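Structural characterization, general
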Amino acid sequence: MKKLQTTKTFTLVILLFLANSVSLMAQEQSAAPASPSFTLDANSVLIFAIALLAMVIGVLGYTLIASLDLYKKRKNNKNTTGQVVKSLLVGFLSLGALQVFGQDGSEAAAPVTGSFSDVHIFRFLLFGIITLELITIFVLVYWIRFFTGIEELQREKGFERKTKLKDASSWWSRVNKMKPMEEEASLDVGHSYDGIKELDNVTPPWFTIAFIASIIFGIGYLWHYHVSKAGPNQYEEYEIAVTKANLEKEAYMKLKGDAINENTVTMLDAAGIDAGKALYTSNCSACHGNAGQGGVGPNLTDDYWLHGGSIGDVFKTIKLGVVEKGMMSWKDVFSAEQIAQLASYIKSTHGSKPAGAKEPQGELYKETPKTENAEQAKADTTQTAKL
């Protein structure tokens, strides 16, 4: 009977609270000017939120009643339930009184006109009701957690966690052979300066183990790389890498050299000439001018050549260089294909007559028609066979 009476009382308080809120909202809404159609404004949203929170409060109130019964069975304490119910009743009645106070305040403020209108007062009242409902929900959740034992369980877990951390701290102290502050006097070596005492603390074992391990590793490293020469050190690894790269480059250059050389090179197309121009501008223009007009080196656009004017001769000159005159060998820099591109570009500048061209040097060279060249090559081959 007592449980039933408590349940009825508690439910009645919740219903009174909800009814009071709904009636207050209805009064304020009726005081507002009627609109011809329904519009979803801010007040409507707030009223909906109030109704939704009121439903949540009702569900939590029912859950709280069940948690009270569970708490009474666990603790076998009837007085506690009555005291809690009384406190909750006082809380709900206080909320109801605040709403009534808010209602009276709104009625008193109704005649106010100007920028702060009745609509604003009504909206502030709605916010106040929502705030009170949220506070009620937090209170109900707290008491539900308390009566169901969740709060007690969390406290027990917190105590266990602190105990574990304390045990871990003690374990760390034992491993590092640390002594408590009470035994500090036994560690004092007698040296003190400006209130700072020198203590003879033991070196942590983990530090000692790591230090010895680093020494052993250093001895092994020294023996492996510098004494027994079982593996290359960093300098030897660098030399090996450079040598390997040079061998690969030499093999590539040799392969390309067999494909294109001074005897097999031919004039390239426009794309090859453009590639040769880019190479010439980056590497040759400093000595021969940006247009081949000459500078430190000879003019490359006239009919006179120091080392032959055929494309094969130009290819050979670029490939081997003319060291005694300051021209380096480019065979280790450019591939055979790139040298062919350079030679084709240089031959394409013949007769361009650039401004500031250097005076001719070397011997006159005239291009021989291809048919004449072919016949001469055939004659040379025949003469060689007879010999």
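Here the structure is a predicted model, which means the values were calculated and not measured.

What follows is about helix α8 (residues 270-283). In this model, α8 (14 residues) spans 20 Å end to end at C-alpha, consistent with the 20 Å of a helix rising 1.5 Å per residue. Buried within α8 are the following residues: G272, I273, G276, L279 and Y280. What you see down the axis of α8 is that its buried residues fit within an arc of 120°, all on one side. In α8, the exposed positions that point more than 90 degrees away from the buried face belong to A270, A271, D274 and S282. Close packing links the buried residues of α8 with α9 (285-288) and α11 (336-348).

The next subject is the packing of aromatic side chains. The full count for this structure, using the stated rule, is seven aromatic pairs. A centroid spacing of 6.0 Å and a plane angle of 85° characterise the contact between W206 and F207, whose relative ring orientation is edge-to-face. For W206, a relative accessible area of 46% corresponds to the partly exposed category. Look at F207 and you get partly exposed, because its relative accessible area is 44%. Their ring planes at 45° and their centres at 4.6 Å tell us that Y221 and Y225 sit as a pair that is tilted.

A few words now on α11. Look at α11: 18 Å from first C-alpha to last across 13 residues, which is about the 18 Å you get at 1.5 Å a residue. Counting buried residues in α11 gives 10 out of 13 residues, a clear majority hidden from the surface. Turning to α11, its buried residues are A336, I339, A340, Q341, L342, A343, S344, Y345, I346 and K347.

The next subject is the environment of A343. With respect to the element layout, A343 can be found in helix α11. With 27 residues separating them in the primary sequence, A343 and K316 have C-alpha atoms 9.1 Å apart. The residues contacting A343, other than those within four sequence positions of it, are I311, V314, F315 and I318.

Let us look at the pairing of strand β2 (residues 196-199). Bridge analysis of strand β1 (residues 188-193) against β2 gives three bridges, and the strand direction is antiparallel. Its bridge partner lying in β2, S192 is registered against K197. Linkage of β1 to β2, two consecutive antiparallel strands, is achieved through a turn of two residues, within which D194 is found at a positive phi near 55°.

What follows concerns the nonpolar core. Within soluble globular proteins, side chains that are nonpolar tend to cluster in buried spots. Judged by nonpolar contacts, the single largest core of 20 residues is most densely connected at Y280, F315, I318, L342 and I346. Of all the secondary structure elements, the ones that give two or more residues to this core are α8, α10 (311-320) and α11. Membership of the second largest hydrophobic core comes to 17 residues, among which are I50, L126, I130 and I137.

Cut-offs and rules
Residues numbered from 1 in each chain as written. Predicted model: local features only at pLDDT ≥ 70, side-chain atom pairs only at ≥ 80, totals over all residues. Heavy atoms only, no water. Helix = DSSP H or I, 4+ residues; strand = E, 2+ residues; numbered from the N terminus. Expected span 1.5 Å × (residues − 1). Buried < 20%, exposed > 50% of the residue type's maximum accessible area, 1.4 Å probe, protein only. Arc of directions from axis to C-beta. Contact = heavy atoms within 4.5 Å. Phe/Tyr/Trp six-rings, centres within 6.5 Å; stacked < 30°, edge-to-face > 60°. Pairing = 2+ DSSP bridges. Core = buried A, V, L, I, M, F, W, Y, C linked by side-chain atoms within 4.5 Å.

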